[in-house]
Amino acid sequence: MTNQLEPAQPQPYTMPRVNTLTPADIRAALMEGLSDFARAPLFGLFFGGIFALAGILIVLALTVWDKAWMIYPVAIGFPLVGPFAAVGLYEVSRRLEAGQPLIWSEILSVVWAQRLRELSWMAFVMLFVFWIWMYQVRLLIALFLGRMSFSTLEKFLAVVFTTGQGWLFLAVGHVVGAALALILFSITVISIPLLMEREVDFITAMITSVRAVVASPVAMLSWGVVVTLCVILACLPFFLGLLVILPVLGHATWHLYRRAVVPVD
């Protein structure tokens with residue numbers, strides 16, 4: 001009798017399970033985010049500084065290119081790519097939670113390694129949504145403000161806030177922007193830390209993220225509002241507020257993810 005290897009049995013596919021969250025979980029995650037930032041401030045300032053520097057460079061570039069009027073829509077849409085910038089912060093929180101040492105080379109290696117994993121597809125999704133955001137801003141400007149002239153940020157703001165067409169542009173633009181932000185928030189709030197921690201495909205991660213939002217709409221949408229307001233306010237002093245706001249929110253998002261998704265057995 002010849003011995004033959006039996007074919008490997010396929011492993012059953014299991015979708016990550018989600019928990020129901022309450023506003024108390026949001027407050028707890030935020031406090032844990034503050035605690036992580038206090039425990040590892042240099043890492044927080046480093047990753048927050050990268051994001052703040054990117055914002056400053058974008059503003060300077062728009063000014064040099066005589067596109068200063070685009071600073072407002074860019075500042076509003078800039079937080080859309082924030083979750084991806086917080087990957088390093090998720091790793092710091094994971095190590096603090098596991099009692100592992102915080103070694104710069106290892107943490108940066110984890111961030112660099114994401115380019116070869118499913119997380120890189122999420123970066124593409126987020127940048128695509130940001131591109132849609134900027135495209136719809138240009139489209140709405142052409143539709144509502146096309147006959148008006150503005151070459152500086154001051155003139156743009158004057159047109160937007162002192163004319164009927166400007167108010168209509170703001171109303172429609174913010175409704176469209178809110179819809180895009182809600183979509184992006186729903187597919188990324190849990191998916192990015194999930195992809196960093198587990199070997200799942202990015203479609204599964206996005207579905208899990210949406211399921212977490214649907215399971216706890218009040219808590220998750222409250223978190224989205226908190227994140228949006230904090231990041232927008234942090235952008236006002238020339239993006240410098242992101243030095244502290246981004247790391248605190250990044251650490252807090254990790255702890256929110258840990259509450260929202262059931263750990264692997």
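Residues numbered from 1 in each chain as written. Predicted model: local features only at pLDDT ≥ 70, side-chain atom pairs only at ≥ 80, totals over all residues. Heavy atoms only, no water.

A. The arrangement of the overall build of the chain in detail. What the chain contains, in helices and strands, is 13 helices and zero strands. When the helices and strands of the chain are listed from N to C terminus, the series reads α-α-α-α-α-α-α-α-α-α-α-α-α. Taking all 265 residues of the chain together, the buried fraction comes to 44%. Sequence-distant contacts in the chain: of pairs separated by 6 or more residues, those separated by 24 or more amount to 77%. Carbon and sulfur atoms form 71% of the exposed surface of the chain, whose accessible area is close to 14100 Å². (Helix = DSSP H or I, 4+ residues; strand = E, 2+ residues; numbered from the N terminus. Buried < 20%, exposed > 50% of the residue type's maximum accessible area, 1.4 Å probe, protein only. Contact = heavy atoms within 4.5 Å. Areas by Shrake-Rupley, 256 points an atom, 1.4 Å probe, with all protein chains shown as cover.)

B. Representation of the pattern of salt bridges in the model. In this structure the tally under the stated criterion is nine salt bridges. Of the charged contacts in the structure, one is a salt bridge between R94 and E91, with a shortest N-O distance of 2.9 Å. Placement of both R94 and E91 in helix α5 (residues 87–98) is noted, with a separation of three residues, approximately one turn of the helix. Taking the relative accessible area as the measure of exposure, E91 reaches 3% and is therefore buried. One salt bridge in this structure joins R117 and E199, with 3.0 Å as the shortest N-O distance. Taken together, the positions of R117 in the loop between α6 (104–113) and α7 (119–145) and E199 in the loop between α10 (191–197) and α11 (202–215) put the pair 82 residues apart, joining distant regions of the chain. Taking relative accessible area as the criterion, E199 reaches 71% and is therefore assigned exposed. One network of salt bridges, with partners in common, ties together E91, R94, R95 and E106. (Salt bridge = Lys/Arg side-chain N within 4 Å of Asp/Glu carboxyl O.)

C. How the structure looks around the nonpolar core. Ranked by size, the top nonpolar core spans 71 residues in total, and within it F169, V189, I190, M220, W223, L242 and L256 carry the most contacts. The dominant element in this core, judged by the number of residues it contributes, is α7, at twelve residues. Beyond its immediate stretch of four places on either side in the chain, I190 contacts S209, A212, M220, Y257, A260 and V261. (Core = buried A, V, L, I, M, F, W, Y, C linked by side-chain atoms within 4.5 Å.)

D. Fine view of the packing of helix α2 (residues 41–64) against helix α13 (residues 242–260). As a packed pair, α2 and α13 sit with axes 7 Å apart at the nearest point and diverge in direction by 115 degrees. The crossing of α2 and α13 is right-handed. Residues G44, L45, F47, G48, G49, F51 and A52 of α2 pack against L242, L243, L246 and P247 of α13. By residue class, the composition of the contact of α2 with α13 is eight nonpolar, three polar and no charged. (Axes fitted to C-alpha atoms, helices over the stretch in contact; angles between N-to-C directions. Left-handed = near helix turned anticlockwise from the far one by under 90°. Nonpolar A, V, L, I, M, F, W, Y, C, P; charged D, E, K, R; others polar.)

E. Just the packing of aromatic side chains, in detail. Across all of its chains, the model carries nine aromatic pairs by this definition. Taking the centre distance of 5.1 Å and the plane angle of 75 degrees together, the rings of F46 and F47 count as edge-to-face. Judged by relative accessible area, F47 falls into the buried class, the value being 6%. With a centroid separation of 5.3 Å and 85 degrees between ring planes, the pair formed by F46 and W104 is classed as edge-to-face. Pair noted here: F46 is in helix α2 and W104 is in helix α6, with a separation of 58 residues, a long-range link. Relative accessible area serves as the criterion here: at 34%, W104 is assigned to the partly exposed category. Following the ring pairs from residue to residue traces out a cluster consisting of F43, F46, F47 and W104. (Phe/Tyr/Trp six-rings, centres within 6.5 Å; stacked < 30°, edge-to-face > 60°.)

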